[in-house]
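# Topology and contacts: notes
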Amino acid sequence: MADFDQEERLAYLKEKVDNLNATLSPLMGMAETLGVKFDFSLESLDYLELILMKINPDFNDPEHSGLYEDSWIYLGETYRRILNGKWSIADDEEYYKESHNGLPMITDFDSYNSELFPMIIIDVFMERRTPQLMRQQVAQYL
């Protein structure tokens, strides 16, 4: 999906979200091995952070690309459920190519048209390793 194609990106995202059990089975398996249950709660975001810190994946390595996708999809779906938002893809192609490159986002959860970009939050967490960063991103809207 190198070129921006909103319909293609939305279809891909919809397929992943509609099939969460299959999409997230590797991540859920890791959680189960560690005795952690991912239930799309605020608390489960702390466990996601712990798993990422423990594994310390290099998301530029193709071996870890599945974990990256699982992580941002889980994070986004957790945000969506907690905030009663929806998954979206940018509809202003030029703006988002420059700033967010058409990344999936969670929208429609407040009156300010706020947006949460799960991929960016995962990237920031991996760079900073700030505990409860994922939780704090959503908690500010509660």
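Structure: see above.
These notes cover the structure that comes with them. (Residues numbered from 1 in each chain as written. Predicted model: local features only at pLDDT ≥ 70, side-chain atom pairs only at ≥ 80, totals over all residues. Heavy atoms only, no water.)

### Looking at the side chain of threonine 23
The residue threonine 23 is located in helix α2 (residues 20-23) in this model. Here the side chain of threonine 23 touches lysine 16 through a polar contact of 2.8 Å, landing on its backbone oxygen. (Helix = DSSP H or I, 4+ residues; strand = E, 2+ residues; numbered from the N terminus. Polar contact = N/O pair within 3.5 Å; in protein donor to acceptor, adjacent residues only side chain to side chain.)

### Let's talk about the packing of helix α1 (residues 6-18) against helix α5 (residues 65-83)
The N-to-C vectors of α1 and α5 enclose an angle of 80 degrees; their axes lie 11 Å apart at closest approach. Judged by the inter-axis angle, α1 sits roughly perpendicular to α5. Along the contact surface, α1 presents Tyr12, Leu13, Lys16 and Val17, while α5 presents Glu69, Trp72, Ile73 and Glu77. Across the contact of α1 with α5, the residue classes break down as five nonpolar, no polar and three charged. (Axes fitted to C-alpha atoms, helices over the stretch in contact; angles between N-to-C directions. Parallel < 35°, antiparallel > 145°, perpendicular 65-115°, else oblique. Contact = heavy atoms within 4.5 Å. Nonpolar A, V, L, I, M, F, W, Y, C, P; charged D, E, K, R; others polar.)

### Regarding the environment of glutamine 136
Within the secondary structure, glutamine 136 is located in helix α8 (residues 133-139). For the pair glutamine 136 and leucine 42, spaced 94 residues apart in sequence, the C-alpha to C-alpha distance is 9.1 Å.

### Topic: the packing of α5 against helix α7 (residues 118-128)
Packing of α5 against α7 brings their axes to within 8 Å, and their N-to-C directions diverge by 115 degrees. Viewed along their axes, α5 and α7 form a crossing whose handedness is right-handed. The residues of α7 that touch α5, namely those facing Tyr68, Ser71, Trp72, Leu75, Gly76 and Tyr79, are Pro118, Met119, Ile121, Ile122 and Asp123. Residues of the contact of α5 with α7, tallied by class, amount to eight nonpolar, two polar and one charged. (Left-handed = near helix turned anticlockwise from the far one by under 90°.)

### A closer look at the nonpolar core
Residues Leu48, Leu52, Tyr79, Ile122 and Met134 are the most contacted members of the largest nonpolar core, which totals 39 residues. Among the elements that make up this core, the one with the highest residue count is α5 (eight residues). In this view, methionine 134 contacts Leu45, Leu48, Glu49, Leu52, Leu75, Tyr79, Ile121, Ile122 and Phe125; residues no more than four positions away in its chain are not counted. (Core = buried A, V, L, I, M, F, W, Y, C linked by side-chain atoms within 4.5 Å. Buried < 20%, exposed > 50% of the residue type's maximum accessible area, 1.4 Å probe, protein only.)

### Comments concerning the packing of aromatic side chains
Counted under the stated rule, the structure contains five aromatic pairs. With 6.2 Å between their ring centres and 70 degrees between their planes, tryptophan 72 and tryptophan 87 make a pair best called edge-to-face. Here the residue tryptophan 72 occupies a position in helix α5, and tryptophan 87 occupies one in strand β1 (residues 86-89), the gap between them amounting to 15 residues. The exposure class assigned to tryptophan 72 is buried, which follows from its relative accessible area of 4%. By relative accessible area, which is 13% here, tryptophan 87 ends up buried. A network of ring pairs unites the aromatic residues Phe38, Phe40 and Tyr74 as a single cluster. Between arginine 81 and the ring centre of phenylalanine 40, over which it is positioned, the NZ or CZ distance is 3.8 Å. (Phe/Tyr/Trp six-rings, centres within 6.5 Å; stacked < 30°, edge-to-face > 60°. Lys NZ or Arg CZ within 6 Å of the ring centre and 35° of its normal.)

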